[in-house]
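Descriptive structure summary
Below are the chains, spelled out letter by letter.
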Amino acid sequence: MVLKTAVLAVSSLRDAAEFYGKILGLEINQRGRELCIGDCPLKLVEGIARHSEDSYLYHVALKVPNRKSLGAVLRRAMEFEEIVEGFADHLVSESIYFRDFDGIGVEIYVDKPREMWPKIKGGYKMDTLPLDVRSLLREAGIRPSGLELGHIHMRVANLEEVERFYNSLGFRTTYRWRNAVFLAYGDYHHHFAFNSWRIPRPREGVGLLEVRLELNVDVFDPLGTRIVGI
């Protein structure tokens, strides 16, 4: 994956550890004033994310390698239904959506086999359909593993501006859907998505600080997020 680590500002590392560790059942590692999820596709710090009034994090998406791992997350989440936002079959992937204690959206998903992705000109078709929850529970493992940073989805005021910026970094537009644009580096459905929907905003000051990826770049995007190569 071209994306390696998303760095998020949260209000409390203690609350974040409870959410990701106790509730979602993911491996967590605290390193001083930082909390890493798994092998650190997601790093959490207590800080301030300074997005504009109309631009903020919709969700960060962690990818698991198989349905067994996604089923393990689902089975765990059934004990904490209040933080579950929904389930979806996106044609290219299967997803479970959560909302953490700061109001930040967290998606955990598994890609479907690539040969099942519906191709369209320039990318892949996506949709939001009901998820087969029962089959996921039948396949559920003990604990999710192999987490990667799959994609990042932001709410923005100016879709055209942010699309032009990420196109200039080599991310091509792969799909448009209901006032949203999806972009990928290489042959993938999307690594970034941006929308102009009216959706709940997380708690003031929390959100996306930095994205680390396998590109030779060190810039700030139009939303104020640092995009830096590793």
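Let me sum up the structure you'll find in this document. Everything numeric here is computed off the predicted structure, so don't read it as measured data.

It is worth spelling out the packing of aromatic side chains at this point. Within this structure, the stated rule accounts for 14 aromatic pairs. Here the aromatic rings of Trp-117 and Tyr-124 are separated by 5.0 Å at their centres, their planes lie at 85°, and the arrangement is edge-to-face. Pair check on accessibility: Trp-117 and Tyr-124 agree, each one buried.

Turning our attention to the pattern of salt bridges. Applying the stated criterion to the full structure yields 13 salt bridges. In this structure, the salt-bridge partner of Glu-139 is Arg-67, at a minimum N-O distance of 2.6 Å. Highlighted residues: Glu-139 in helix α3 (residues 133-139) and Arg-67 in helix α2 (residues 67-77), separated in sequence by 72 residues. The partner of Asp-102 in a salt bridge is Arg-203, and the shortest N-O contact between them spans 3.2 Å. Placement of the pair is Asp-102 in the loop between β7 (93-99) and β8 (105-111) and Arg-203 in the loop between β14 (192-195) and β15 (207-213), with a sequence separation of 101 residues. You can call Asp-102 buried: its relative accessible area is 7%. For Arg-203, a relative accessible area of 45% puts it in the partly exposed group.

What counts and how
Residues numbered from 1 in each chain as written. Predicted model: local features only at pLDDT ≥ 70, side-chain atom pairs only at ≥ 80, totals over all residues. Heavy atoms only, no water. Phe/Tyr/Trp six-rings, centres within 6.5 Å; stacked < 30°, edge-to-face > 60°. Buried < 20%, exposed > 50% of the residue type's maximum accessible area, 1.4 Å probe, protein only. Salt bridge = Lys/Arg side-chain N within 4 Å of Asp/Glu carboxyl O. Helix = DSSP H or I, 4+ residues; strand = E, 2+ residues; numbered from the N terminus.

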